[in-house]
Amino acid sequence: MEYKNDFIEREIQKITLFLRNFITKIIGNGDTSISLESFDKELKGKLDFGFYEILELNDEDLREKINGVDLLILEELLKVFYNIDKKEMVALESDKLKRVSLIIIDEVENKSLVFSFERQQIKNYFKSEKKRN
């Protein structure tokens with residue numbers, strides 16, 4: 001049982017490291033189309049969904065898809081989406097990214113026992129952006 005828990009923890013660490021590295025690429029790199037396509041493929045390989053796929057899901061399917069995903073991964077994914085939107089990297093409708101991000105925030109807040117100022121900042125950002133559009 002301990003081996004199984006260690007394996008799961010290592011996998012969570014690998015995925016969060018991948019997401020953090022991608023945030024670093026977003027902040028420091030200007031070549032967005034290649035980055036998003038590689039991010040989509042790598043995310044699909046690490047989780048049960050890709051970047052573009054998750055943007056196309058309806059609310060119910062999205063909640064079902066992210067239901068079993070660890071909170072740490074969801075928080076890092078949320079940070080990636082925040083940075084993608086801030087850098088205006090998405091060629092797709094930005095509303096989709098905002099909608100998905102707000103749903104992820106709701107799921108994290110419902111499951112997490114910890115208040116996060118960073119998460120609240122991201123939530124406020126997406127809510128204010130949603131009102132502008």
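1. Description of the overall build of the protein
Within the protein, the regular secondary structure consists of 7 helices and 0 strands. If you list the helices and strands of the protein from N to C, you get α-α-α-α-α-α-α. In the protein, which comprises 133 residues, the proportion classed as buried is 42%. Taking all contacts inside the protein whose residues are at least 6 apart in sequence as the whole, residues at least 24 apart take part in 67%. When the accessible area of the protein is evaluated, it comes to approximately 8,100 Å², of which 50% is carbon and sulfur surface.

2. Description of the pattern of salt bridges
Scanning the entire structure with this criterion turns up 13 salt bridges. Between Lys65 and Glu53 there is a salt bridge, with the nearest N and O atoms lying 3.5 Å from each other. Taken together, the positions of Lys65 in helix H4 (residues 59–66) and Glu53 in helix H3 (residues 51–56) put the pair 12 residues apart, joining distant regions of the chain. Lys65 sits in the partly exposed class, given a relative accessible area of 24%. Here Glu53 falls in the partly exposed class, since its relative accessible area comes to 26%. Several salt bridges share partner residues, and in doing so they unite Arg20, Glu76, Lys79 and Glu118 into one network.

3. Here we look at the side chain of Glu107
Considering the arrangement of structural elements, one finds Glu107 in helix H6 (residues 94–111). Among the residues examined, Glu107 registers a relative accessible area of 11% and is labelled buried.

4. What to know about the packing of aromatic side chains
This structure, assessed with the given rule, holds 9 aromatic pairs. Ring geometry for Phe51 versus Tyr52: centroids 5.2 Å apart, planes at 70 degrees, classification edge-to-face. Look at Phe51 and you get buried, because its relative accessible area is 0%. Relative to Tyr125, the ring of Tyr82 lies with its centre 5.0 Å away and its plane at 85 degrees, an arrangement referred to as edge-to-face. With Tyr82 in helix H5 (residues 71–86) and Tyr125 in helix H7 (residues 117–132), this pair connects stretches of sequence that are 43 residues apart. Among the residues examined, Tyr125 registers a relative accessible area of 17% and is labelled buried. The side chain of Lys46 reaches across the aromatic face of Phe18, ending 5.2 Å from its centre.

5. Considering the confidence of the model for the protein
Summary statistics for the protein give a mean pLDDT of 86 and a share of 86% for residues scoring 70 or more. No element of the protein has a lower mean pLDDT than helix H2 (residues 32–46), at 82, and none a higher one than H4, at 95.

6. Concerning the packing of H5 against H6
Contact geometry of H5 with H6 gives a least axis separation of 10 Å together with a crossing angle of 155 degrees. Between H5 and H6, the angle is such that the two are roughly antiparallel. The interaxial crossing formed by H5 with H6 has left-handed handedness. Residues Leu71, Leu74, Glu75, Leu77, Leu78, Phe81, Ile84 and Asp85 of H5 form the contact with H6, whose own contacting residues are Ser94, Leu97, Lys98, Val100, Ser101, Ile104, Ile105, Val108 and Lys111. Counted by class, the contact of H5 with H6 contains 11 nonpolar, 2 polar and 4 charged residues.

What counts as what
Residues numbered from 1 in each chain as written. Predicted model: local features only at pLDDT ≥ 70, side-chain atom pairs only at ≥ 80, totals over all residues. Heavy atoms only, no water. Helix = DSSP H or I, 4+ residues; strand = E, 2+ residues; numbered from the N terminus. Buried < 20%, exposed > 50% of the residue type's maximum accessible area, 1.4 Å probe, protein only. Contact = heavy atoms within 4.5 Å. Areas by Shrake-Rupley, 256 points an atom, 1.4 Å probe, with all protein chains shown as cover. Salt bridge = Lys/Arg side-chain N within 4 Å of Asp/Glu carboxyl O. Phe/Tyr/Trp six-rings, centres within 6.5 Å; stacked < 30°, edge-to-face > 60°. Lys NZ or Arg CZ within 6 Å of the ring centre and 35° of its normal. pLDDT = per-residue confidence, 0-100. Axes fitted to C-alpha atoms, helices over the stretch in contact; angles between N-to-C directions. Parallel < 35°, antiparallel > 145°, perpendicular 65-115°, else oblique. Left-handed = near helix turned anticlockwise from the far one by under 90°. Nonpolar A, V, L, I, M, F, W, Y, C, P; charged D, E, K, R; others polar.

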